[in-house]
Amino acid sequence: MAAPFTLRKIGVPPNSANLTEARRRVFDFFRAACRSIPTIMDIYNLQDIVAPSQLRYAISAQIRNNAHITDPKVIDLLIFKGMEELTDIVDHAKQRHHIIGQYVVGEGLIQNTGNKDQGKTDFLKNFYTSNYF
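Bear in mind the structure is a predicted one, so any value in this text is a computation, not a measurement.

Draft legend 1. Representation of the nonpolar core in the model. Counting residues in hydrophobic clusters, the biggest one holds 20 residues, and the most contacted among them are I40, L46 and L55. Leave out the neighbours within four places in its chain, and L55 touches I37, M41, L46, V50, Y103 and V104.

Here it is as structure tokens:
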């Protein structure tokens, strides 16, 4: 087994000078995130739930959600927040159910097809319809 991927500990980089440099940093972040996927899979034991390609898709979907942003300073801020999130995940600062809920089920990779038990009595049915979020 190869040595686990470790993220470089770097300080806050200077702001991007233009949109091209910010775009390059986004691609660098995506590469770093994709390279850390095997480590994340091992740390959180996700092999039985999700494939690495599905996690890669979840990361790219998060990046695509912000594709409309053209201000380099905002892009740098989002990259910084993404690196902070990635560092927290790789350093095991989150628990397994956080990862599953946010990046596996939250992205629609696994569909929740089972309906919750709505109860068998009229009282429970009325309760669920009125107070069930």
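Now that the structure has been shown, the text picks up again.
Draft legend 2. Examining helix α2 (residues 37–44) more closely. Those residues of α2 lying buried are I37, T39, I40, M41 and Y44. Where α2 is buried, its residues meet α1 (19–35), α3 (52–64), α4 (72–90) and α5 (96–105). A positive phi of about 50 degrees marks N45, the residue just after α2.

Draft legend 3. Up close: the packing of α1 against α4. For the pair α1 and α4, interaxial distance at closest approach is 9 Å and the crossing angle is 15 degrees. Relative to α4, the element α1 lies roughly parallel. The way α1 lies across α4 gives a crossing that is left-handed. From α1, L19, A22, R25, V26, F29, A32 and A33 reach across to α4, where they touch P72, I75, D76, I79, G82, M83 and L86. Within the contact of α1 with α4, the residues separate by chemical class into 11 nonpolar, one polar and two charged.

Draft legend 4. Quick look at the pattern of salt bridges. Scanning the model with the defined rule gives six salt bridges in all. With a shortest N-O distance of 3.4 Å, D48 and R96 are connected by a salt bridge. On the criterion of sequence distance, the pair formed by D48 in the loop between α2 and α3 and R96 in helix α5 is long-range, its members being 48 residues apart. Residues E85 and K94 are paired through a salt bridge, measuring 2.6 Å at the closest nitrogen-oxygen approach. One network of salt bridges, with partners in common, ties together E21, R25 and D76.

Draft legend 5. Highlighting the packing of α1 against α3. Look at α1 against α3: their axes get within 10 Å of each other, and the N-to-C directions meet at 155 degrees. Classified by the angle their axes make, α1 and α3 are roughly antiparallel. Note that α1 runs across α3; the crossing there is right-handed. In this structure, α1 contributes V26, F29, F30, A33 and C34 to the contact, and α3 contributes R56, I59, S60 and I63. Looking at the contact of α1 with α3, its residues break down into seven nonpolar, one polar and one charged.

Draft legend 6. Spotlight on the environment of H98. Position of H98 among the secondary structure elements: in helix α5. Given the relative accessible area of 37%, H98 is considered partly exposed. There is a polar contact of 3.4 Å between the side chain of H98 and the side chain of H97.

Cut-offs and rules
- Along each chain, residue indices are assigned from 1 in the same order as the chain's sequence is written.
- Residue-level local features of this predicted model are given only where pLDDT is at least 70; pairs of side-chain atoms are given and counted only at 80 or more, and the full residue set underlies all totals for whole chains, interfaces and linings.
- Based on all heavy atoms of the structure, the side-chain values leave hydrogens and waters out of the count.
- Only buried residues count toward a nonpolar core, which is a set of Ala, Val, Leu, Ile, Met, Phe, Trp, Tyr and Cys residues joined through side-chain atoms within 4.5 Å.
- Accessibility here uses a 1.4 Å probe with only protein chains present; expressed as a share of the type maximum, an area under 20% marks a residue as buried, one over 50% as exposed, and anything in between as partly exposed.
- The criterion used for residue contact is that any of the two residues' heavy atoms lie within 4.5 Å.
- Only runs of H or I of at least four residues qualify as helices and only runs of E of at least two qualify as strands under DSSP, and these elements are numbered from the N terminus.
- Note on method: axes are straight lines fitted to C-alpha atoms, helices fitted across the in-contact stretch only, with angles between N-to-C directions ranging 0 to 180 degrees.
- In what follows, roughly perpendicular refers to angles from 65 to 115 degrees, roughly parallel to angles under 35, roughly antiparallel to angles over 145, and oblique to any angle outside these ranges.
- Left-handed is the label given to a crossing in which the near helix is rotated counterclockwise from the far helix by less than a right angle, and right-handed is the label when the rotation is clockwise.
- Side-chain classes follow a simple rule in which Ala, Val, Leu, Ile, Met, Phe, Trp, Tyr, Cys and Pro form the nonpolar group, Asp, Glu, Lys and Arg form the charged group, and the remainder, Gly included, forms the polar group.
- Definition used for salt bridges: Asp or Glu carboxyl oxygen within 4 Å of a side-chain nitrogen of Lys or Arg.
- Side-chain atoms alone can form a polar contact between residues adjacent in sequence; in general such a contact is a pair of N or O atoms within 3.5 Å, and within protein one must be able to donate a hydrogen while the other accepts it.

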